[in-house]
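Working through the structure, step by step
One-letter residues, chain by chain:
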Amino acid sequence: MSSNVDLLLVEDDRELSAMLTRLLGEEGYDVTHAPDGQRGLHLGLTRSFAVLVIDRGLPAIEGLDLLAKLRAKGVSTPALILSARGTTSDRIDGLDAGAEDYLTKPFDVGELLARLRALQRRHASTSAVLQLGRRVLDLESRLVLEPGADPATGVSLSERESQLLEVLARRPRRVFSRAELLDLVFTEAESEIVADTYVHYCRRKLGRDVIRTVRGLGYQLGST
Ligand code: CA
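Here the structure is a predicted model, which means the values were calculated and not measured.

Criteria and cut-off values
Residues numbered from 1 in each chain as written. Predicted model: local features only at pLDDT ≥ 70, side-chain atom pairs only at ≥ 80, totals over all residues. Heavy atoms only, no water. pLDDT = per-residue confidence, 0-100. Helix = DSSP H or I, 4+ residues; strand = E, 2+ residues; numbered from the N terminus. Donors = N, O, S within 2.8 Å, 3.2 Å for Na, K, Ca; no water. Buried < 20%, exposed > 50% of the residue type's maximum accessible area, 1.4 Å probe, protein only. Core = buried A, V, L, I, M, F, W, Y, C linked by side-chain atoms within 4.5 Å. Contact = heavy atoms within 4.5 Å. Pairing = 2+ DSSP bridges. Axes fitted to C-alpha atoms, helices over the stretch in contact; angles between N-to-C directions. Expected span 1.5 Å × (residues − 1). Salt bridge = Lys/Arg side-chain N within 4 Å of Asp/Glu carboxyl O. Phe/Tyr/Trp six-rings, centres within 6.5 Å; stacked < 30°, edge-to-face > 60°. Lys NZ or Arg CZ within 6 Å of the ring centre and 35° of its normal.

Comments concerning the confidence of the model for the protein chain
In the predicted model, the protein chain carries a mean pLDDT of 90, and 96% of its residues have values of at least 70. By mean pLDDT, the top-scoring element of the protein chain is strand E3 (residues 51–55) (97), and the lowest-scoring one is helix H5 (residues 109–126) (85).

Shown next, in the form of structure tokens:
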């Protein structure tokens, strides 16, 4: 079980990647590292992260193109761009590509950490859309959509189904026991079986893989 913050680091500099992975790990981040833009794009589209840290100068797909592609596919995860280029127009390019923040190399790790915390705080207070694998859950309309799709094509969830998926999607790497779900989602229910019932409903609407069963432990957000 992990309550760490899932962070995708897309950075081709090996030494910097190793250092950031270690330092961010010590600060409670679960770092997934991609050494080029292509792998960063694949991970960004297929997995859920709480925050993205993307180097601008990357092999295969340049950092700002990578972020623009993710944004075009509906990935709204807050992103910080790292770059050796720090002029005002470079920063504006970064923000235009969909970045929430932009940090010029060389940077102080303490500053990176502070900016990541600020990014997550801002995002948590404004975000009504959660990543569900390659789809998104809009918490206000309770619709599950392919990124960028017409809302009319969305799958409509009941309030309970939406709440269950919200709990799982807010901490995508964590496994929740039935008792925890009963407590967090089904507060007035008496039996943990109610969690199984709603997992079944969600799978019927969204496909079996939307929620993963972790044998003997409980449930976790799935891969699609
Ligand atoms: Ca680079």
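Continuing now.
Some words on the coordination of the calcium ion
Protein-derived coordination of the calcium ion comes from Asp-12 (OD), Asp-55 (OD) and Gly-57 (O), at a distance range of 2.2 to 2.3 Å. The sequence pattern formed by the donor residues of the calcium ion is D-x42-D-x1-G. Pair noted here: Asp-12 is in the loop between strand E1 (5–10) and helix H1 (14–26) and Gly-57 is in the loop between E3 and helix H3 (63–72), with a separation of 45 residues, a long-range link. By relative accessible area, Asp-12 is classed as partly exposed at 34%.

Structural notes on the nonpolar core
Ranked by internal contacts, the top residues of the largest apolar core, which has 26 residues, are Leu-164, Leu-165, Leu-181 and Ile-211. For this core, the elements supplying multiple residues, two or more each, are strand E6 (129–132), helix H6 (159–170), helix H7 (178–184), helix H8 (193–206) and strand E11 (218–221). By residue number, the principal contributor to this core is H8, which donates six residues. Those residues in contact with Ile-211, other than ones at most four positions away along the chain, are Leu-164, Leu-165, Leu-168, Val-199, Cys-202, Arg-203, Tyr-219, Gln-220 and Gly-222. Counting 20 residues, the second largest nonpolar core, distinct from the first, contains Ile-54, Ile-61, Ala-97 and Ala-99.

Quick word on the sheet that holds strand E5 (residues 101–104)
Strand order in the open sheet formed by five strands is E2-E1-E3-E4-E5, with parallel pairing between adjacent strands. The sheet terminates laterally at strand E2 (29–34) and E5, the two strands that pair on one side only. Strand-to-strand twist across the sheet, computed as the mean angle between neighbouring axes with direction ignored, equals 20 degrees. Strand contacts of helix H2 (residues 37–46): E1 and E2, with the helix running at about 155 degrees to E1, the strand carrying the most contacts.

Observations regarding H8
Under the 1.5 Å per step criterion, the end-to-end length of H8 is 20 Å for 14 residues, consistent within 8% with the ideal 20 Å. Within H8, burial applies to Val-194, Ala-195, Tyr-198, Val-199, Cys-202, Arg-203 and Leu-206.

Here's the deal with the sheet that holds E6
The antiparallel open sheet is built from four strands, whose spatial order is E6-E7-E8-E9. Lying at the two open borders of the sheet, with one neighbouring strand each, are E6 and strand E9 (155–156). In this structure, strand E7 (residues 135–138) lies alongside strand E8 (residues 143–145), joined through three bridges in antiparallel fashion. Directly across from Leu-137, in E8, lies its bridge partner Val-144. Against the sheet, H6 makes contact with E6, E7 and E9, and its axis sits at roughly 75 degrees relative to E6, the strand it touches most.

Thoughts on the pattern of salt bridges
Applying the stated criterion to the full structure yields 18 salt bridges. The salt bridge partner of Arg-173 is Asp-30, with a shortest N-O separation of 3.8 Å. Of the two residues, Arg-173 is situated in the loop between H6 and H7 and Asp-30 in strand E2; the sequence distance between them amounts to 143 residues. Among the ionic contacts, a cluster of salt bridges with common partners joins Arg-56, Glu-62, Arg-85, Asp-90 and Asp-93.

A short note on the packing of aromatic side chains
Applying the stated criterion to the full structure yields two aromatic pairs. Each ring, one from Phe-186 and one from Tyr-198, has its centre 5.1 Å from the other, and the planes form 35 degrees; the classification is tilted. In this pair, Phe-186 sits in the loop between H7 and H8 while Tyr-198 sits in helix H8, placing the two residues twelve residues apart along the sequence. Both residues of the pair, Phe-186 and Tyr-198, belong to the buried class. Measuring from ring centre to ring centre gives 5.1 Å for Tyr-198 and Tyr-201, while their planes differ by 85 degrees; the resulting arrangement is edge-to-face. Of this pair, Tyr-198 and Tyr-201 both sit in helix H8, three residues apart, which is roughly one turn of the helix. An aromatic cluster of three or more residues is present, and its members are Phe-186, Tyr-198 and Tyr-201. The cationic tip of Arg-174 hangs over the ring face of Phe-176; the distance from NZ or CZ to the ring centre is 4.6 Å.

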